[in-house]
Amino acid sequence: MKKLLLFLFTGLAAVAGDPGLAGGPFVAAVTSKTATIVWLVRSGEVSVKAADDDKNPATVSPSIRVEKTTLTGLKPNTRYEYSVPGYSDAKGSFKTPPTGDTPFDFVSYGDNRTRPDVHRKVIAAIVSHGVPDMVVQTGDLVADGSDTLLWTTFFDIEKKLLSQTAFYPSLGNHEHHAQNFYDFTQTAKPYYSFDWGNAHFSVIDTDLDNVSPVETVRAAFWAEQARWLENDLRTHQQSQFRFVAGHHPPFTAVASRQGDNPHMRALTPLFETYHVTAGLFGHDHNYQHYLQNGIHYLTSGGGGAPLYDVDKPPVGITQKVVSVENWVSVHVDGKTAHVRVFSINGDVIDEFDLQGWALPKPVVATAPVVVTQK
Ligand SMILES: [Fe+2]
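The paragraphs below set out a description of the structure included in this document. Each residue is numbered by its place in its chain's sequence as written, counting from 1. Local features in this predicted model are restricted to residues of pLDDT 70 or higher, and side-chain atom pairs are both shown and tallied only at a pLDDT of 80 or more, whereas totals for entire chains, interfaces and linings draw on every residue. As a convention, hydrogens and water are excluded, and side-chain values are obtained from all of the structure's heavy atoms.

**Quick word on the coordination of the iron ion**
And then number 1: Each metal's donors are the N, O and S atoms within 2.8 Å of it, or within 3.2 Å when it is Na, K or Ca, and because water is not part of the set, sites may look incomplete. Looking at the iron ion, one finds its protein donor set to be Asp140 (OD), Asn173 (OD1), His247 (NE2) and His283 (ND1), positioned 2.1 to 2.3 Å from the metal centre.
And then number 2: Coordination at the iron ion comes from 4 donor atoms whose angles at the metal span 86 to 168 degrees, giving a geometry best classed as irregular.
And then number 3: The sequence motif formed by the donor residues of the iron ion is D-x32-N-x73-H-x35-H. Taken together, the positions of aspartate 140 in the loop between strand S8 (134-137) and helix H2 (148-162) and asparagine 173 in the loop between strand S9 (166-169) and helix H3 (179-185) put the pair 33 residues apart, joining distant regions of the chain. Key to geometry: four donors with every angle between 85 and 135 degrees are tetrahedral; four donors are square planar and six octahedral where opposite donors lie over 155 degrees apart and all remaining angles lie between 65 and 115; all other sites are irregular. Each helix is a run of DSSP H or I of at least 4 residues and each strand a run of E of at least 2, with the numbering of both proceeding from the N terminus.

**Topic: helix H4 (residues 215-234)**
And then number 1: With 20 residues, H4 extends 28 Å between its outermost C-alpha atoms, agreeing within 8% with the 28 Å of an ideal straight helix rising 1.5 Å per residue.
And then number 2: Those residues of H4 that fall on the buried side of the exposure criterion are Phe221, Trp222, Gln225, Leu229, Asp232 and Leu233. For H4, the buried positions fall inside an angular range of 95 degrees around the axis, keeping them on one side. Among the exposed residues of H4, those oriented more than 90 degrees off its buried face are Thr216 and Arg227.
And then number 3: Any two residues whose heavy atoms approach within 4.5 Å at even a single point are treated as in contact. On its buried face, H4 is in contact with strand S10 (192-196), strand S11 (199-203), strand S12 (241-245), helix H5 (262-265) and helix H6 (268-273). Each helix should span, by expectation, one fewer than its residue count multiplied by 1.5 Å. Exposure is judged per residue with a 1.4 Å probe applied to protein chains only, and the accessible area is read against the type maximum: over 50% gives exposed, under 20% gives buried, and values in between give partly exposed. Here the arc refers to the set of directions running from the helix axis out to each C-beta atom.

**What to know about the layout of surface pockets**
And then number 1: Cavities and pockets were defined on a 1 Å grid built over protein atoms only: a cavity is a set of grid points that admits a 1.4 Å probe from which the probe cannot escape, a pocket is an open set flanked by protein on both sides within 12 Å along at least five of seven lines, and lining residues are those with an atom within 4 Å of any such point. Grid points are joined across faces, edges and corners, and a volume is the space filled by probe spheres set on the points. Taken as a whole, the largest pocket spans an internal volume of roughly 510 Å³.
And then number 2: In terms of lining, the largest pocket is formed by 30 residues, of which the most central are Val30, Thr31, Ser193, Phe194 and Asp195.
And then number 3: Elements supplying a minimum of two residues to the lining of the largest pocket: S9 and S10.
And then number 4: A per-element tally of the lining of the largest pocket places S10 first, with 5 residues.
And then number 5: Gly is placed with the polar residues, together with every amino acid not listed as nonpolar (Ala, Val, Leu, Ile, Met, Phe, Trp, Tyr, Cys and Pro) or charged (Asp, Glu, Lys and Arg). Residues of the lining of the largest pocket, tallied by class, amount to 12 nonpolar, 15 polar and 3 charged.

**So, the environment of serine 47**
And then number 1: Along the chain, the position of serine 47 falls in strand S3 (residues 35-48).
And then number 2: On the basis of relative accessibility, which here comes to 53%, the residue serine 47 falls in the exposed class.
And then number 3: Serine 47 sits 14 residues away from serine 61 along the chain, and the two C-alpha atoms are 6.5 Å apart.
And then number 4: For serine 47, the residues in contact, after removing those within four places along its chain, are Ala58, Thr59 and Val60.

**Focus: unusual backbone geometry**
And then number 1: The linkage connecting glycine 24 with the following residue, proline 25, adopts the cis geometry, with an omega of 5 degrees.
And then number 2: Of note, proline 25 is situated in strand S2 (residues 21-28).
And then number 3: The phi dihedral of glutamine 186 is positive, around 55 degrees, even though this residue is not glycine.
And then number 4: Checked against the element boundaries, glutamine 186 lands in the loop between H3 and S10.
And then number 5: Positive phi is not limited to glycine here, since histidine 283 has a value of about 75 degrees.
And then number 6: Considering the arrangement of structural elements, one finds histidine 283 in the loop between strand S13 (278-281) and strand S14 (287-292).
And then number 7: In this structure histidine 283 comes out as buried when scored by relative accessible area, which is 11%.

**Concerning the nonpolar core**
Note on soluble globular proteins: their nonpolar side chains tend to be buried together.
And then number 1: Residues belong to one nonpolar core when they are buried, are Ala, Val, Leu, Ile, Met, Phe, Trp, Tyr or Cys, and are joined through side-chain atoms within 4.5 Å. Of all hydrophobic cores here, the largest spans 43 residues; its most connected members are Phe94, Phe106, Met134, Phe194, Trp196, Phe201 and Phe243.
And then number 2: Considering each element in turn, this core owes the most residues, 4 residues, to S3.
And then number 3: These domain limits were set by an automatic method or by a database of domain assignments. The residue makeup of this core includes at least three contributed by each of domain 1 (1-96) and domain 2 (101-355).
And then number 4: Filtering out sequence-adjacent residues up to four positions away, phenylalanine 194 remains in contact with Met134, Val136, Tyr168, Ala199, His200, Phe201 and Val203.

Now the structure itself:
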């Protein structure tokens, strides 16, 4: 495979006293021709403590600046290596998406917040299994999206994985729609989509409660996003696979949460109309797999957050529910995608195939052959 070494220069490298990396590097918004390489720089910090607290040490919270550069003119299905001069550990690589039916791998996981030691084990398990071409994170990256310090922990734990793959996150309720999410992950909008090989991925913002305290504003956002999603799915019927990723799942085996997320259940007819292959969700800290009207609904919220019971599996649609830390691995190959779900200990806890479905590509009209008689 042809490799290209990309040297990315930053003026900061010349500054005496390297302030160090606070996150990354990683790559975002990858297409077959373009990519944005992102790294976070710790530009300062603030020390804070309660004025009347003489016992506990001050908390140190960093000030972070986002650096990025966008590349164009890339080739499909090609691995590129990069380094950021001036930092001892700012190297990485990524692979551009293939076109057509070329095989690729991706993983999905979510809810990495709160238990960094467990989060670290999940990421180590993914890396040891083989770094995927890209990652779909299903939300709740951190316990509080407004807290800058927590993001440095997230990126530290994810470093070995994200420095070798492309990263596509979704908003969880713990992100609180904080600007940090958009800045640090270089996600331009709360919902977006992208193509990878013969698959299309629609990433939506399911966190309606944090959109606004005003009900009419929430309703307007949801209607706007639903219109966008319908158009996005309708215009990608010629992809073999359509995955919809987000945080809140439409179904749950957690008894105390059943009845939550009616806005998500209301979307399922849309999924059926436009032949969604599978939904990738989080929020519940366990693994759940449902099959309803031909669509697979996966909840993989076992990326580090404290586990929840799976004490009331929905009747009639449940394929598998397990209360364990986990991650989802998908190998897409032509018209079949093979899914394996791993526990944090490396056990395969679920395994199944997804079948592609696509409208035929439109026939490109060619000029009529003109035969002349001599
Ligand atoms: Fe959540």
